[in-house]
Structures are given as structure tokens and as C-alpha cells.
Amino acid sequence: EADIYQTPRYLVIGTGKKITLECSQTMGHDKMYWYQQDPGMELHLIHYSYGVNSTEKGDLSSESTVSRIRTEHFPLTLESARPSHTSQYLCASRAGQGNTEAFFGQGTRLTVV
Amino acid sequence: EDQVTQSPEALRLQEGESSSLNCSYTVSGLRGLFWYRQDPGKGPEFLFTLYSAGEEKEKERLKATLTKKESFLHITAPKPEDSATYLCAVWSGGSNYKLTFGKGTLLTVNP
């Protein structure tokens, strides 16, 4: 079982609030990712990181921001939540070397009302 | 741009009725093809990695195969607990930072 954890699992929050979704992994992986997934739809990459102090935007434009101050921690922040941000957010990590598989957390289901 | 197409979108089987799921891909230099299982409301769970044409991997009732253009996930004598969405993803030489996912196949196995 993969050691990657996301909190909270579910979040219902009002419009305009600032939120941070947490993601931590204990595998020492260099590469970490945030994907967004709507019901019945494919995963879309919104952010990724190669290592500490490295962050890049993914293919899907997102108003969220990320930081990577420690190897094991990759939080995602929305400064002002809107209903359009309602979605499932999935965090993943993989080892830096080779063409290895990515391991996913259980996800955070965000609902903005 | 890398593309992954999975078919069918949904498949309903009776318990014990074997079948196959398809994943067709277009990439610039395949470095790996990955199969995941995703249960409702949860993150994808890793199943297999395939790296080269002709490679096969097995796990319980599942067997994954790879050709130069597609991969199959064969399900032998499925059980209701095999019901899930099965996702295919590719890692290519044209994109060294991300997996490109298909939309998945929703498998339902009726008792």
C-alpha cells in the first residue's frame, strides 16, 4: 500500500474562503503531482514538482498554487474558493529515477457553495 | 501530443464471464504504460506497468498485455469485487513529467 496521504478527505466551504489541501508522502519520492478529476472524467494535471523548491503548472489551467518546501509535503492552496473549483483533487508521487509508476492518495472531494 | 483512448466506456459482465478492456495510445516514444483501478470517490490504485511490446503481467484474475499501439487488460472469471473504473496511462519520451490518462472503463460485474 502506498504511503501518501491527503487531508481532508471531504471539504464543504463557502465562496471566497481560502483553503489548503494537504498532501504528504513518506516514500522519499522526488516527484509529486496534483491532478483534478470531475465525475466520470479523466484526470487532468494541474501542478507538479521535481523536488524541493521546484513547482510547475500542468496542462489544465488552475487558479490554485502549490509549494514544495519539504520533500514529503506538497500542499495546494486556493486563495478565494469559487463554485467552479468544486472537484476531486488527487495527489500523487513517484520515485525520481526510471520510468516508475505513480502512487496516488485517496483524494480530497472539494465542494464550494 | 500524447493521446490515450480506452474502450469500451462501460462494460457490464456476469460473474464468471471473462472479457477484455482496450487501451489505444499515440505517443512519441513510449517509456511505460500503466494500469490503475479506481473505486468511486477514491484515488487510483496501481496495478501494472508495461514497458515494451510483447510484455505481459498478471495479478490474480487480471492480465495486462502490450503491443506497439495498444494494451489489453484481460479479466478472467470476474467477481463482483472487480467492479471499478480501470484507467490506462502512458509515460512518453515527449513528456518527461506527467502521465497522460485515458477516460477509463467502468466495469460492473453482476453476481
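Quick note: structure is the one above.
The structure contained in this document is the topic of the report that follows.

Definitions and limits used
Residues numbered from 1 in each chain as written. Chains lettered and ligands numbered in written order. Predicted model: local features only at pLDDT ≥ 70, side-chain atom pairs only at ≥ 80, totals over all residues. Heavy atoms only, no water. Contact = heavy atoms within 4.5 Å. Buried area = accessible area lost by both parts, 1.4 Å probe. Salt bridge = Lys/Arg side-chain N within 4 Å of Asp/Glu carboxyl O. Polar contact = N/O pair within 3.5 Å; in protein donor to acceptor, adjacent residues only side chain to side chain. Helix = DSSP H or I, 4+ residues; strand = E, 2+ residues; numbered from the N terminus. Pairing = 2+ DSSP bridges. Axes fitted to C-alpha atoms, helices over the stretch in contact; angles between N-to-C directions. Core = buried A, V, L, I, M, F, W, Y, C linked by side-chain atoms within 4.5 Å. Buried < 20%, exposed > 50% of the residue type's maximum accessible area, 1.4 Å probe, protein only.

Contacts between chain A and chain B engage 21 residues on the former and 20 residues on the latter. Between chain A and chain B lies a buried interface of about 1900 Å² when both sides are counted; carbon and sulfur atoms form 52% of it. Here chain A and chain B share 0 salt bridges between them. Linking chain A to chain B there are 6 residue pairs in polar contact (both at pLDDT 80 or more). Counting residues per element, the ones that place at least two in the side of chain A that touches chain B are β4 (31–37), β5 (44–51), β9 (87–94) and β10 (103–104) of chain A.

All right, on to the sheet that holds strand β8 (residues 70–75) of chain B then. All names here are of chain B. Strand order across the open sheet formed by 5 strands is β1-β3-β8-β7-β6, with antiparallel pairing between neighbours. The sheet terminates laterally at β1 (3–7) and β6 (56–59), the two strands that pair on one side only. The average angle at which neighbouring strand axes cross in this sheet is 15 degrees, direction not considered. Direction of pairing for β1 relative to strand β3 (residues 19–26): antiparallel, over a ladder of 5 bridges. Looking across to β3, one finds that Thr 5 is bridged to Ser 24.

Right, let's talk about the nonpolar core for a bit. In this structure, B:Leu33, B:Trp35, B:Leu73 and B:Tyr86 are the most contacted members of the largest nonpolar core, which totals 22 residues. At the level of secondary structure, the elements contributing two or more residues to this core comprise β2 (10–14), β3, β4 (30–38), β5 (45–50), β7 (62–66), β8, β9 (84–92) and β11 (105–110) of chain B. Those residues in contact with B:Tyr86 that lie beyond four places of it in its chain are B:Gln6, B:Leu21, B:Trp35, B:Tyr36, B:Arg37, B:Leu47, B:Leu62, B:Leu73, B:Gly104, B:Thr105 and B:Leu107. Of all hydrophobic cores here, the second largest spans 17 residues; its members include A:Met32, A:Ile46, A:Val66 and A:Cys91.

Leaving glycine out, the prevailing phi sign among residues is negative, and the prevailing peptide bond configuration is trans. At the junction of A:Thr7 and A:Pro8, the peptide bond is cis and its omega measures out at -10 degrees in the coordinates. Structurally, the position occupied by A:Pro8 is in the loop between β1 (4–7) and β2 (10–13). Of the consecutive residues B:Ser7 and B:Pro8, the connecting peptide bond is found in the cis state with omega at -10 degrees. By the element assignment, B:Pro8 lies in the loop between β1 and β2. The backbone of A:Asn53 shows a phi angle near 65 degrees, a positive value even though the residue is not glycine. In this model, B:Glu60 sits at a positive phi of 55 degrees, which is unusual for a non-glycine residue.

Here the focus is the pattern of salt bridges. Residue and element names in this part refer to chain A. Tallied over the full model, the rule gives 7 salt bridges over all chains. Ionic pairing is found between Glu 63 and Arg 82, a salt bridge with its closest N-O pair at 2.6 Å. Here Glu 63, found in the loop between β6 (54–57) and β7 (65–66), pairs with Arg 82, found in the loop between β8 (76–78) and β9; they are 19 residues apart in sequence, far enough to count as distant. By relative accessible area, which is 37% here, Arg 82 ends up partly exposed. Put simply, Glu 72 and Arg 70 hold a salt bridge, and the shortest N to O gap is 3.1 Å. Judged by relative accessible area, which is 34%, Glu 72 ranks as partly exposed. Residue Arg 70 is classed as partly exposed on the basis of its relative accessible area, which comes to 43%.

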